[in-house]
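The lines below spell out each chain.
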Amino acid sequence: MTERTVPATLADLEQRAEAARERPGYGQDALVVCDRLVRIFTAEGVEVQALQGLDLLIGHGELTALVGASGSGKSTLLNILAGLDVPTAGAARVGGHDLLAMDAASRLRYRREVVGFVRQETSRNLLPYLTAEQNVLLPMQLAGGRTRRRERTARARELLDLLGVGHCRDRLPRHMSGGEQQRTAIAVALANSPSLLLADEPTGELDSSGTEQVLASLRTANEELGTTVVVVTHDAAVASSVRRAIAVRNGRAASEVVLRSEVDEHGAERVVTQEYATVDRAGRLQLPRGFTETLGIAERVRLALRPDHIAVHPDRVADRPDRITDRPDGSGDD
Ligand SMILES: Nc1ncnc2c1ncn2[C@@H]1O[C@H](COP(=O)(O)OP(=O)(O)OP(=O)(O)O)[C@@H](O)[C@H]1O
């Protein structure tokens, strides 16, 4: 690699990042737009910053998992997207609905018509004294509208069949397995054809076969009904089976893993995993913990801008005369 004069300094790059941040139209094609989202909770005089300027775009028709350590802010984000909680600052939009600006009536309509929500606790998703079919009918009845009773019943049955729980139609929740209850809960969440289906640890109380079934139902909702799905999960089986898994760390979207299909030279299709670190709108990048731990990176790193990449060096390397990694020609950078 030959040395090249790189005109941009870090100050230049910061300026460019600032300009990009102010560019109009951020996420204009996305279904979910979170822009520097902040949520601060105050409990007994102590402030907890659950979301610390989170940027996130989710396109129409995606099936995305949110993963991350306990307390990283996943449920806080999901509750905001569900219209159950309001951010402290920043912007959040779903399908053009501004989640900070809605009044009580439009918030209720949003929760009934634009999003569907499935909780971890099977017992909180369904009314125990209604059958599966009655549970699915309820949100349609609450939304009102002109749909006739016969059509509503047909839709409820169609959804239960599609999600593989048609046989539970006349059963009360206590006569269903955990997996059947969660699949019925997904049918309830889909009853009013929401654009966005949110599921917070939907497999948390299930065994592996229940998990498989719920995962299959989320995929069906995504692929056959075209619903955009966001699922919070601790379950590696769930996270590794979706196309896009976003890691939330300290209240920010830190990195993501994307699965995509590739066709090799023999025409065979294979799934390739690619890991990305998220660069937020202010140009901030969180390095994956595994990387920083491996290289013993603690407080700061040394950066070098190269023609087609940025080299990030552990600070201590600069002090070691026996390991010169930042050669003028950039050959020691990677
Ligand atoms: N209502 C609240 N009042 C005070 N603090 C809260 C409240 N809700 C969440 N928090 C705090 O905000 C932070 C993020 O919580 P959140 O539930 O979003 O994390 P999470 O990633 O979903 O965790 P888990 O995987 O354990 O559910 C935590 O420190 C939590 O204690």
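- Under the annotation held in an unreviewed UniProt entry, the protein carries the name ABC transporter ATP-binding protein and is attributed to Streptomyces thermolineatus.

### Notes on the sheet that holds strand E1 (residues 32–43)
To summarise the sheet geometry, strands pair through backbone hydrogen bonds and adopt either a parallel or an antiparallel arrangement.
Then comes step 1: On the basis of which strands lie adjacent, the open sheet formed by 4 strands has the order E2-E1-E4-E5 and antiparallel pairing. At either end of the open sheet lies a strand with only one pairing partner, and these are strand E2 (46–58) and strand E5 (97–98).
Then comes step 2: Relative to strand E4 (residues 89–94), E1 is paired through 5 bridges, and the arrangement is antiparallel. Within E4, the position partnered with Val33 by the bridge is Arg93.
Then comes step 3: Those strands touched by helix H2 (residues 74–81) are E1, E2 and E4, and its axis lies near 115 degrees from that of E1.

### Observations concerning the side chain of Thr220
Then comes step 1: Position of Thr220 among the secondary structure elements: in helix H8 (residues 208–225).
Then comes step 2: What Thr220 contacts, discounting residues up to four positions off in sequence, is Leu162, Leu163 and Leu225.

### Regarding the pairing of E4
Then comes step 1: Sheet topology note: the E4/E5 ladder contains 2 bridges and is antiparallel. Of the residues in E5, the one forming a bridge with Arg93 is Asp98.
Then comes step 2: Hairpin remark: E4 followed by E5, antiparallel, with 2 residues in the connecting loop; positive phi at Gly95, about 55 degrees.

### Let's talk about the site of the ligand
Then comes step 1: For the ligand, the full set of nearby residues is Phe41, Val48, Ala50, Ala69, Ser70, Gly71, Ser72, Gly73, Lys74, Ser75, Thr76 and His234.
Then comes step 2: The separation between an oxygen atom of the ligand and a polar side-chain atom of Lys74 is 2.8 Å.
Then comes step 3: Bound to the protein, the ligand loses 61% of the 640 Å² it would expose on its own.
Then comes step 4: It is H2 that provides the largest number of residues to the shell around the ligand, a total of 3 residues.
Then comes step 5: Of the residues belonging to the shell around the ligand, the class tally is 4 nonpolar, 7 polar and 1 charged.

### A few points about the nonpolar core
Then comes step 1: Ranked by internal contacts, the top residues of the largest apolar core, which has 34 residues, are Val118, Val136, Ile186, Leu190, Leu197 and Leu218.
Then comes step 2: At the level of secondary structure, the elements contributing two or more residues to this core comprise strand E3 (63–67), helix H5 (132–143), helix H6 (149–162), helix H7 (178–190), strand E7 (196–200), H8 and strand E8 (228–232).
Then comes step 3: If one sorts the elements of this core by residue count, H7 sits on top with 6 residues.
Then comes step 4: Setting aside residues no more than four positions away along its own chain, Ile186 makes contact with Val118, Leu163, Leu197, Val214, Ser217 and Leu218.

### So, the packing of H5 against H6
Then comes step 1: Contact pair H5 / H6: the axes reach a minimum separation of 9 Å and the direction vectors enclose 125 degrees. The pairing of H5 with H6 is recorded here as oblique in orientation. Viewed along their axes, H5 and H6 form a crossing whose handedness is right-handed. Residues Ala132, Glu133, Val136, Leu137, Met140 and Gln141 of H5 touch H6, and the partners they reach there are Arg152, Thr153, Arg155, Ala156, Arg157, Leu159 and Leu160.
Then comes step 2: Here the contact of H5 with H6 is built from residues that sort into 7 nonpolar, 2 polar and 4 charged.

### Concerning the pattern of salt bridges
Then comes step 1: Tallying each qualifying case throughout the model produces 9 salt bridges.
Then comes step 2: For Glu121, the salt bridge is made with Arg124, and the minimal N-O distance between the two is 3.5 Å.
Then comes step 3: Judged by relative accessible area, which is 27%, Glu121 ranks as partly exposed.
Then comes step 4: By relative accessible area, Arg124 is classed as exposed at 51%.
Then comes step 5: Arg300 is the salt-bridge partner of Asp315, the closest N and O atoms lying 2.9 Å from each other.

Cut-off values and rules
Residues numbered from 1 in each chain as written. Predicted model: local features only at pLDDT ≥ 70, side-chain atom pairs only at ≥ 80, totals over all residues. Heavy atoms only, no water. Pairing = 2+ DSSP bridges. Helix = DSSP H or I, 4+ residues; strand = E, 2+ residues; numbered from the N terminus. Contact = heavy atoms within 4.5 Å. Axes fitted to C-alpha atoms, helices over the stretch in contact; angles between N-to-C directions. Near = heavy atom within 4 Å. Polar contact = N/O pair within 3.5 Å; in protein donor to acceptor, adjacent residues only side chain to side chain. Areas by Shrake-Rupley, 256 points an atom, 1.4 Å probe, with all protein chains shown as cover. Nonpolar A, V, L, I, M, F, W, Y, C, P; charged D, E, K, R; others polar. Core = buried A, V, L, I, M, F, W, Y, C linked by side-chain atoms within 4.5 Å. Buried < 20%, exposed > 50% of the residue type's maximum accessible area, 1.4 Å probe, protein only. Parallel < 35°, antiparallel > 145°, perpendicular 65-115°, else oblique. Left-handed = near helix turned anticlockwise from the far one by under 90°. Salt bridge = Lys/Arg side-chain N within 4 Å of Asp/Glu carboxyl O.

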